[in-house]
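Notes for the structure review
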Amino acid sequence: MDKTERMEEFYRDLASTKKYATSLDIHLREIEIETISSYLEDGKKILDMGCGNGYSTIRYARDFDSDFTGMDFTNEMVECARKMERGELKGRIEFKQGDICNIPFPDESFDIVTTSRVVIALPHEDWEVQKKAIREMHRVLRKGGEYLMIESSEQGLQRLNDIREMFGLYRIPTNPKWSDLKFDEEKLVPYLEDLFDIIEVKRFGMYYFIGRVIHPLLVAPEEPKYDNPINRVACEIARKIPNFRDIGALVFYRLKKK
Ligand SMILES: C[S@@+](CC[C@H](N)C(=O)[O-])C[C@H]1O[C@@H](n2cnc3c(N)ncnc32)[C@H](O)[C@@H]1O
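Quick caveat: nothing in here was measured; it's all calculated off a predicted structure.

Grouped together as the largest cluster of nonpolar side chains are 42 residues, with contacts concentrated most on L40, F68 and Y208. Among the elements that line this core, the one with the most residues is helix 8 (residues 205-219), at six residues. Those residues in contact with F68 that sit more than four places away from it in its chain are L40, I46, T57, Y60, A61, R92, I93 and E94. With 31 residues, the next largest nonpolar core counts I120, I134, F183 and F196 among its residues.

Set out below in structure tokens:
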């Protein structure tokens, strides 16, 4: 089985209409959705690439009168997205199958493109393939349009691990599963700067400090659980004070196409 087939099998098994099927860390997922939503607008053409079961795409379309395309490589994810309960929408959504490395749309088709933990999840675990995916997102974006990118940083994880280690907690492995190549931001940033103006970078260190340092210390020797109420409180605090020492894997880049 090659890497792409393994990836498809992995996401085929995960595919369901459960709202958090693609992310166990339910409160961090809320932070992702709220962060992306805060930069969306009415009257735009928006691509949510690697949309999984469409939960985030639907959340965006509830709030914005825009035309959304949710696209994912895994057919089963796309089928779940089509079946997902939508509720009342302001916008319109079409779900399609497609590959971020070869997006089936002409140049400059969208005003806004977005990914949430997709470029890091490509099966090849290869920076060259990640660059290709970023270049494709750039290609389908109109000039001056925005790429809202929520992905993961190797350096952010290491800063979190340095703090965890001070308190006797183990270092969280960099790539816990086969499809997770966090960005080396020293390589990522110069690459992005060739294609985009970097308008804003956001980190979510407060959520990580409470959820990945205080929480495990409080519940030890039990294992922390994503649905522990302390993570909900961490999310509430992080809404008002998002960052703490730039720690945590998740990082948001707001990018404007040059
Ligand atoms: C970690 S999940 C994130 C899903 C969604 N963005 C979310 O926030 O829940 C990664 C998704 O990327 C999709 N994916 C993997 N390789 C892809 C590719 N080459 N093109 C498009 N989607 C891909 C997977 O099928 C999976 O649904």
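Right, let's get into the pairing of strand 4 (residues 110-116). For strand 4, a buried count of seven out of seven residues is recorded, marking the element as mostly surrounded by other parts of the structure. Of the strand pairs in this sheet, strand 4 and strand 5 (residues 141-152) are connected by six bridges, and their pairing is parallel. When the bridges of strand 5 are listed, V113 appears paired with Y147. With helix 5 (residues 127-139) bridging strand 4 and its parallel neighbour strand 5, the resulting β-α-β unit is right-handed.

In this section: the pairing of strand 2 (residues 67-72). A large share of strand 2 lies buried, amounting to five of its six residues. As paired elements, strand 1 (residues 45-49) and strand 2 share five bridges and run parallel to each other. Across the sheet, residue K45 finds its bridge partner in strand 2, namely D67. Tracing the backbone out of strand 1, into helix 3 (residues 55-63) and back to the parallel element strand 2 gives a crossover that is right-handed. As defined by bridge partners, strand 2 adjoins strand 3 (residues 92-97) across six bridges and the pair is classed as parallel. Bridge assignment links F68 to a residue of strand 3, and that residue is I93. At this point the chain moves from strand 2, through helix 4 (residues 75-83), to the parallel strand 3, and the crossover so formed is right-handed.

Below, the discussion takes up the packing of helix 6 (residues 154-166) against helix 8. It is the contact of helix 6 with helix 8, at a shortest axis distance of 10 Å, that shows an interaxial angle of 25°. One element, helix 6, and the other, helix 8, form an angle in the roughly parallel class. Both helix 6 and helix 8 take part in a crossing whose hand is right-handed. Contacts from L160, I163 and R164 in helix 6 reach Y208, F209, R212, V213 and P216 in helix 8.

Taken together, 19 residues form the shell around the ligand, and within it T22, G50, D72, T74 and D99 come nearest. A distance of 2.7 Å separates a nitrogen atom of the ligand from a polar atom in the backbone of G50. Taking I100, its main chain carries an N or O atom lying 2.9 Å from a nitrogen atom of the ligand. If the ligand stood free it would expose 600 Å²; the protein chains cover 97% of that surface. Looking at the shell around the ligand residue by residue, the class counts come to nine nonpolar, six polar and four charged.

Here is what the cut-offs are and how they apply
Residues numbered from 1 in each chain as written. Predicted model: local features only at pLDDT ≥ 70, side-chain atom pairs only at ≥ 80, totals over all residues. Heavy atoms only, no water. Core = buried A, V, L, I, M, F, W, Y, C linked by side-chain atoms within 4.5 Å. Buried < 20%, exposed > 50% of the residue type's maximum accessible area, 1.4 Å probe, protein only. Helix = DSSP H or I, 4+ residues; strand = E, 2+ residues; numbered from the N terminus. Contact = heavy atoms within 4.5 Å. Pairing = 2+ DSSP bridges. Right-handed = clockwise from strand over helix to strand, strands pointing away. Axes fitted to C-alpha atoms, helices over the stretch in contact; angles between N-to-C directions. Parallel < 35°, antiparallel > 145°, perpendicular 65-115°, else oblique. Left-handed = near helix turned anticlockwise from the far one by under 90°. Near = heavy atom within 4 Å. Polar contact = N/O pair within 3.5 Å; in protein donor to acceptor, adjacent residues only side chain to side chain. Areas by Shrake-Rupley, 256 points an atom, 1.4 Å probe, with all protein chains shown as cover. Nonpolar A, V, L, I, M, F, W, Y, C, P; charged D, E, K, R; others polar.

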